[in-house]
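# Residue-level structure breakdown
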Amino acid sequence: DGGSLISIAPATEGKFGFSTPQNARVNVFFPAGAIRSLKPVSALIIPINKVSFSSTHPLPANYRIVGDAIYDITARLDTGEAITKFDKPITLTFTYTDDQVKDKDEKNLRVYYWDTEKNDWMGMDNGLVDTVNKTVLVTTTHFTLFTLLAPPKTTIVYTADLNGDKKVNLIDFSILLFNWGTPPNKKADINQSGRVDLDDFAIMLYQWTG
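Presented here is an overview of the structure given in this document. (Residues numbered from 1 in each chain as written. Predicted model: local features only at pLDDT ≥ 70, side-chain atom pairs only at ≥ 80, totals over all residues. Heavy atoms only, no water.)

Here the focus is the sheet that holds strand β9 (residues 128-130). Read across the sheet, 5 strands follow the order β2-β3-β6-β10-β9 without closing on themselves; strand pairing throughout is antiparallel. Lying at the two open borders of the sheet, with one neighbouring strand each, are β2 (14-19) and β9. Across this sheet, the average inter-strand angle for adjacent strands is 15 degrees, counted without regard to direction. Pairing geometry for β2 and strand β3 (residues 25-30), over 6 bridges, is antiparallel. Looking at the pairing, Gly17 lines up with Asn27 of β3. (Pairing = 2+ DSSP bridges. Helix = DSSP H or I, 4+ residues; strand = E, 2+ residues; numbered from the N terminus. Axes fitted to C-alpha atoms, helices over the stretch in contact; angles between N-to-C directions.)

Another aspect to go through is the sheet that holds strand β4 (residues 41-48). Strand order in the open sheet formed by 6 strands is β1-β4-β5-β11-β7-β8, with antiparallel pairing between adjacent strands. The strands lining the two open edges of the sheet, one partner per strand, are β1 (4-8) and β8 (120-123). Recorded for the sheet is a direction-independent mean angle of 25 degrees between the axes of neighbouring strands. Judged from the 4 bridges that link them, strand β7 (residues 110-115) and β8 form a sheet pairing that is antiparallel. Bridge pairing in β8 places Tyr113 opposite Met122.

Here it is as structure tokens:
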């Protein structure tokens, strides 16, 4: 599946990234002094096949991977020893496309990392979602598996059956008219906009059964 490798000098900043065939991408930025080492450090990003992880690394309930990308990000000394903690936060920027979130709740995008001690995915609360530029930015002081997740879009079903008799007719229309404007009965506000108005009337006409 490929990967991306970089050698970073401890006294200088460094950045690298990796893009998947689905055009999902993660960019990694190291500030100067993030690594306590006198020699350059090798950092690596390896994409993980989510199918092979489905049984051993199950995703949080009701969440889906954006862009089908799981990234295994590591950093090692020249001795091969893994770096488990950084002296300064590392910035990870995840990018995505409109197509990758067309069936997902874009505003609730969240980066998750794999906690090897808890053996579970943990959500990162410091994420900054930019829906205009299609990026999610987080900071971390350690490397592990990372992925960008989102819940599926929820479909809101509006019903104009205001009296609950499984029909939309003049009785419901009279309830709508009685509550016109600011509704005493919030159920009459079919689209839950805070007011009973022409939008609610249009929904009622569309669902009219007589």
